[in-house]
Amino acid sequence: MWRLAVKNAVAHRSRLTLTWLAVALGVAFVAGSLVLTDTSSRLLDAQFRTAAAGVDLTVRAAAAFGSAMGVEVERDPLPAHLAERVAGTPGVGQARAVASGPGQLQVRGEPVRPNGPTIVGTWAEAPFTAYELRTGRAPDGGDEVVLDAATAAAHDIAIGDTVTVSATVSRRLEVVGLTGVGEDDGLSDSAVVMVDLGTAQALLDLGTGVTSVDVIAAPDVAVAELRSDLAQALGQEYAVTSGQDAAEASAEAAKESISYLRVVLLALAAAGLLVGAFLIANTFGIVLSQRSRELALLRAAGATGRQVFASVLAEALLIGITGAAGGTAAGVGAAYGLRGLAQRTGLALPDGPLTVTSRTVLVALVAGALVTLLAALGPARRAARVAPVEAMRLAEPARPRPRRRRLITGWVLLALGVAQLGAAAYLRDIAGVALGAVLLFLGLVALGPVLAPRLANAVGRPLDGLGVPGRLARESTVRNPRRTAATAMALALGLALISFVSVLGGSVKAISAGQQEALTADLLIQSAGDEMLGGLSPEVAARVAELPEVGATSSIRYGHWLDGGMTSALTAVDPATLPQVADVEMTAGDLGDLEEGGAVLAEDIAIERGLRVGDQLAMTLPRHGEQQVRIVGVMADESAQALSSGYILSLTTYAQHFNEDVDASVFVALADGVDAEAGRTALETAVSDFPNAEVLDQTHAVAARAATVDQALGLITLLLGFAVVIALLGITNTLALSIVERTREIGLLRAVGMTRRQLRSMIRAEAVLVAVVAVVAGVAVGLGLAAATLVGLSKDELLPIRIPVGQLLAVVGIAVLAGLAAGLLPARRAARLDVLTAIATR
Amino acid sequence: MTTVAPPASTSLAVAAQARDVVKTYGQGEAAVRALDGADVAIDSGRLTAIMGPSGSGKSTLVHALAGLDTIDSGRVLIGDTELTALSERERTLLRRERLGFVFQAFNLIPSLTAAENIALPLTLAGKRPDRAWLAELVEMLGLGNRLDHRPAELSGGQQQRVAVGRALIARPDLVFADEPTGNLDSRHGAALLGFLRDATRTLGHTIVMVTHDPVAASYADRVVFLADGRIVDELSAPTPETVLARMARLDAPASAIGA
């Protein structure tokens, strides 16, 4: 049977090519996602390891948690004398104080904006670091700097040039050397700025403090022992980690952001495979029904139903494995493309050679083979049921009617799905919405053969205007319910996801626009760097406050805290100045009370947690660990949304518990009578030496947020586009196969006078009709799910549901045109059929 | 559009002719000369049967006459239209406007009703059938109450009658029937043949029928015998017996059964 399967697969290779391609494309997506995320993880590991090479132990201030949401927590500065204390501890060979932190670099007035961070660090010689001078010399004194050679090359910086480096403080420094790590000329996606210790302390405004002390053990001293000795000697206040551990922690923090990407990519890859599964099932169904006489002959010759079943599955396995192998190979190439796409949308992914692990290959192969096998299961079962007597029958076998049980199951699932969606949305239960979506999907799959032809019949009515070809196109779409359903379903799935994402995106933009309404500030300053916690030097707010054009300013900061085990966000505000730049509506307590400590909660959170003014909330904050924080007020939800979190502290409280010294936003109200444009120019001039400070008015701030949403959604939509391409292959394939099946019908039509042009338009009309069915079903389902999701996510007040009509129309237009394109090849093939051969085909 | 010759039931005008037609399939050693100087004229207004053993070139000759196939040399004329000079599209339009076809099997489009199948050549040309003519045809074919049925719901005989209706609806100059009774039992076959003969005698149509069945051939006004790609004999006013006798004389395998 295996030999028969191989022979069959080879004999029908032209019919199976597109199936193979569908498997390969789906698997390529899976493999590409895995390769990309593996590669990024490995490169990040390698980077942080090399950068920390040589250091045995690192002493830092203790913190309640090391990193949250991919951002490393800033720790307390260490006193200057600690380095000496460490050096004096027995077993320590060498110790060195280090000051480092995030900063910005400006060249000739232009900001340098790598995808990742700009790191301001302390220059060291080996053995403390893996950085080596490429040219020039080490920085010495308050006006010298060494840059990584890659950044220098990218921005045309030479030794002797002057650059502006800003962290908390901004300084102009002369480039005296260029450096690299190991074989690389820098860290990918980052800019490295090395100065001497004093300069680093000044830039980071640490005074005499340092951020860590690097330790190299004395010869013959075991690092593990030294670590515990040192920890004991220094006490609880300090954390001693091995250099590699510290590097790993940094790498972990960086990798956390990539793990989201992996989830998104794999989810999209799964969608692609699912679409491919429809196509595979369809192809096998058609090819086998075309071969039913051959199968019956096999049965008549003594093959058991089980053997037929096995031979079909073996054929599927063959296609699955070879397709998956091709897909895996293509996926490695796809990883490059994906990385380029992701980087273009602002994700910081390191560049470097790709990592292909055996796990990637295994997962991709198994996924491809499994999907193909499962998709072929139904057709194989039908094939095994072919009766031997079919071999003697001249007529075409009767088309299977959808079975009663399947119909009932389908309607029940559909009804349950719709009811579940409605109920879950009403109850604001987002998990319930997901369950409803799954039920709805299963119901639609079961009912596809009933619904798709009816839909095709209805939406295909205008085709009758094309005359007989249009009429026949509609008829043949309706005539093959199962086939039409599977082909349209694959495309509909992709389109449903795209319209779902676009409605969600439109609504998210509307929400962020609505949040701004609570703000009365004329202008706001934000970091252009998109750092998660913001990245504005406090100096920016200080300078702006002094301007005569400015009436009031208020800064906000963001931080992370641990809520039980979960990372959560909080916002710190200045209770005195915030009301001058925003309409803050309190439903209980007083914002001013924040100054004395405590927290204000958003109303929905207060209700959810059952907290009232005067109650205590346990918050784990980075510097001092778990604190009992008193609730001093409750804020209306809209006000809290404008501040981006439901937990509000005062800046004073924030400063006690966080070392981060960067503002997320500075809200500015202009003085009376100051023209917005003039005010803006004044602000821009005042902060011009902070390259990341961006002065925005409300409209621009909304637009900037919308652009971020658009970028993320753009990437997702683009990737969903691949699923749609697979579905379009399905249309081409199904049509091409059905033309083989309809050879005689086509021959007859041609003999009685159908022109080639009419024939082509008939086939193209079929393709377009399937696409339109998919568009109608897909967009309707997508919109419904998006609405249910948004309602399910709503609290008391409904989230706005914005349907981006223009965008959806574009999707619809493209899908229909693509359907037309999918029909071109089969149409050409059909028109080329020789009338005589077509008639003669028995 | 080329001129349409009026159906001439009384005169013996020529509806179609093949002149010294050569058609070879395959190349080199495997080459088969399907038509080797075939020369025949089809009289207008008559039922002509083409007979011959398997491989004698019957089907090839009909396909060449109908413009379904190209020829290597010689001439084929429908009326006075030279087929060899026409493009593929012109030949398609000629088939649609001036020729009708009845095949042995698979004559109808499964998704169209009987009425729609009959009207197909006209609707493909964007025309409507002449109501009176359609009614007359349906009446004669005895399809009155089957018009809204799809082919799958019709018997084999009914299907073939629908096919004949389709072949005649555009009042073609010439109808080609390729083993039209091949799939029918003798009773239905006789009815269909009777109808074809009536179509020539009372309606003045010209029909060319390929068959290997002497009984079917006996319905014709004239039988043309083909062997090895050439016209070798012909017979007017045939009976099954005379046809059988001529067949037996043909220099070909006697067991000329099956198409």
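Remember, predicted model here, so these are calculated numbers, not experimental data.

Colleague: Can you walk me through the nonpolar core in this structure?
Modeller: Here is a general trend for soluble globular proteins: nonpolar side chains tend to be buried in one another's company. Counting residues in hydrophobic clusters, the biggest one holds 134 residues, and the most contacted among them are Leu491 and Ile731 of chain A together with Leu61, Leu174 and Phe176 of chain B. Broken down by element, this core gets its largest block of residues, 14 residues, from helix 21 (residues 698-741) of chain A. Discounting residues that sit within four places of it in the chain, Leu61 of chain B has contacts with Ala18, Leu35, Ala38, Val40, Ile50, Leu226 and Ile231 of chain B. Counting 45 residues, the second largest nonpolar core, distinct from the first, contains Ala582, Ala642, Ile648 and Phe658 of chain A.

Colleague: Please explain the interface of chain B and chain A as it appears in this structure.
Modeller: Reports of interface size often rely on the accessible area that becomes lost once the parts have come together. With 28 residues of chain B at the interface, the matching set in chain A holds 22 residues. The junction of chain B with chain A conceals about 2300 Å² of combined surface from both sides, 64% of it contributed by carbon and sulfur atoms. Put simply, chain B and chain A have three salt bridges between them. When the shortest N-O distance is used, the salt bridge between Glu475 of chain A and Arg150 of chain B registers 3.3 Å. Taken together, the links from chain B to chain A amount to nine residue pairs in polar contact (both at pLDDT 80 or more). Those elements that place two or more of their residues in the side of chain B that touches chain A are helix 2 (88-98) and helix 3 (114-124) of chain B. If you tally residues by element for the side of chain B that touches chain A, the top one is helix 2 of chain B, at six residues.

Colleague: Could you clarify how one ought to interpret the confidence of the model for chain B in this entry?
Modeller: Residues shown with low pLDDT carry predicted positions that ought not to be read at fine detail. Per-residue confidence for chain B averages 83 on the pLDDT scale, and 92% of its residues sit at or above 70. Contacts from residues 1-11 of chain B, a stretch scored under 50 in pLDDT, to residues over four places away or in other chains number 12 contacts.

Colleague: I tried to follow unusual backbone geometry on my own but got confused; where do I start?
Modeller: What you tend to see is this: most non-glycine residues have negative phi, and most peptide bonds are trans. Residues and elements named next belong to chain B. One non-glycine residue, Arg171, lies in the positive phi region at around 45°. By the secondary structure assignment, Arg171 is in the loop between helix 5 (156-168) and strand 7 (174-178). Exposure remark for Arg171: the relative accessible area of 44% places this residue in the partly exposed category. A positive phi angle, near 50°, is found at Asp228, a position not held by glycine. Accessibility expressed as a relative area gives 56% for Asp228, which makes it exposed.

Colleague: What should I look at first to understand the sheet that holds strand 4 (residues 92-98) of chain A in this one?
Modeller: Residues and elements named next belong to chain A. Spatially, four strands are ordered 4-14-1-15 in an open sheet, and the strand pairing comes out antiparallel. This sheet does not close on itself; its edge strands, each paired only once, are strand 4 and strand 15 (238-242). Taking each pair of neighbouring strands and ignoring which way they run, the sheet shows an average axis angle of 25°. Of the pairings in the sheet, the one linking strand 1 (residues 57-61) to strand 14 (residues 212-217) comprises three bridges and is antiparallel in character. When the sheet's bridge partners are listed, Leu57 is paired in strand 14 with Val215. Strand contacts of helix 6 (residues 223-234): strand 1, strand 4, strand 14 and strand 15, with the helix running at about 175° to strand 15, the strand carrying the most contacts.

Colleague: Whenever I open this one, the packing of aromatic side chains confuses me. Can you help?
Modeller: The description of an aromatic ring pair uses the distance of the two centres, along with the angle that the planes make with each other. All names here are of chain B. According to the stated counting rule, one finds four aromatic pairs over all chains in the structure shown. Both rings, one in Phe101 and one in Phe103, keep their centres 5.9 Å apart while their planes meet at 10°; by these two values the pair is stacked. Neither residue differs from the other here; Phe101 and Phe103 are each classed as buried. A cation over an aromatic ring shows up here: Arg171 above the ring of Trp133, its NZ or CZ 4.5 Å from the ring centre.

Colleague: Would you mind going over a nonpolar patch on the surface with me for this structure?
Modeller: A cluster of nonpolar side chains, namely Leu362, Val366, Leu370, Leu374 and Leu377 of chain A, defines an oily patch on the protein surface of about 470 Å² accessible area. As for its placement among the helices and strands, Leu374 of chain A is situated in helix 10 (residues 358-384).

Colleague: Sorry if this is basic, but what is going on with the pattern of salt bridges here?
Modeller: Pairing is possible between side chains of opposite charge, provided their charged atoms come close. If you walk through the whole model with that rule in mind, you get 31 salt bridges over all chains. Salt bridges here are not isolated pairs; linked through shared partners, they connect Arg471 and Glu475 of chain A together with Glu116 and Arg150 of chain B.

Colleague: Any chance you could explain empty space enclosed by the protein here in plain terms?
Modeller: One way to see where empty space is left: roll a probe the size of a water molecule over the atoms. All names here are of chain A. The final tally for this structure, using the stated rule, is five cavities of 30 Å³ or more. Its volume calculated, the largest cavity comes out at about 140 Å³. For the largest cavity, the lining is made up of 13 residues, of which Thr484, Thr734, Leu735, Glu766 and Val770 are closest to its centre. Mapped by element, the contributors of at least two residues to the lining of the largest cavity are helix 13 (468-479), helix 14 (481-516), helix 21 and helix 23 (756-793). At four residues, the largest contribution of residues to the lining of the largest cavity is made by helix 21. By residue class, the composition of the lining of the largest cavity is three nonpolar, seven polar and three charged.

Colleague: I would appreciate a short explanation of the pairing of strand 1 (residues 14-25) of chain B in the present structure.
Modeller: Regular strands place their side chains on alternate faces of the sheet. Residues and elements named next belong to chain B. Of the pairings in the sheet, the one linking strand 1 to strand 2 (residues 32-43) comprises nine bridges and is antiparallel in character. Across the sheet, Gln17 pairs through a bridge with Ala41, a residue of strand 2. What sits between the antiparallel neighbours strand 1 and strand 2 is a turn of six residues, in which Gly26 has the positive phi angle 75°. With five bridges joining them, strand 1 and strand 4 (residues 73-78) adopt antiparallel strand pairing. Paired with Val22 across the strands is Ser73, a residue of strand 4.

Colleague: What exactly am I supposed to notice about a positive patch on the surface here?
Modeller: Positive charge collects at one region of the surface, where Arg381, Arg385, Arg403, Arg405 and Arg406 of chain A lie side by side. In this fold, Arg406 of chain A is placed in helix 11 (residues 404-426).

Cut-off values and rules
Residues numbered from 1 in each chain as written. Chains lettered and ligands numbered in written order. Predicted model: local features only at pLDDT ≥ 70, side-chain atom pairs only at ≥ 80, totals over all residues. Heavy atoms only, no water. Core = buried A, V, L, I, M, F, W, Y, C linked by side-chain atoms within 4.5 Å. Buried < 20%, exposed > 50% of the residue type's maximum accessible area, 1.4 Å probe, protein only. Helix = DSSP H or I, 4+ residues; strand = E, 2+ residues; numbered from the N terminus. Contact = heavy atoms within 4.5 Å. Buried area = accessible area lost by both parts, 1.4 Å probe. Salt bridge = Lys/Arg side-chain N within 4 Å of Asp/Glu carboxyl O. Polar contact = N/O pair within 3.5 Å; in protein donor to acceptor, adjacent residues only side chain to side chain. pLDDT = per-residue confidence, 0-100. Pairing = 2+ DSSP bridges. Axes fitted to C-alpha atoms, helices over the stretch in contact; angles between N-to-C directions. Phe/Tyr/Trp six-rings, centres within 6.5 Å; stacked < 30°, edge-to-face > 60°. Lys NZ or Arg CZ within 6 Å of the ring centre and 35° of its normal. Patch = residues over 30% accessible without salt bridge, like charges linked within 9 Å, V, L, I, M, F, W, Y side chains within 5 Å. Areas by Shrake-Rupley, 256 points an atom, 1.4 Å probe, with all protein chains shown as cover. 1 Å grid on protein atoms, 1.4 Å probe; cavity = no way out; pocket = protein on both sides within 12 Å on 5 of 7 lines; lining within 4 Å. Points joined across faces, edges and corners; volume = space filled by probe spheres on them. Nonpolar A, V, L, I, M, F, W, Y, C, P; charged D, E, K, R; others polar. Lys, Arg positive; Asp, Glu negative; His and termini not counted. Charge placed at Lys NZ, Arg CZ, Asp CG, Glu CD.

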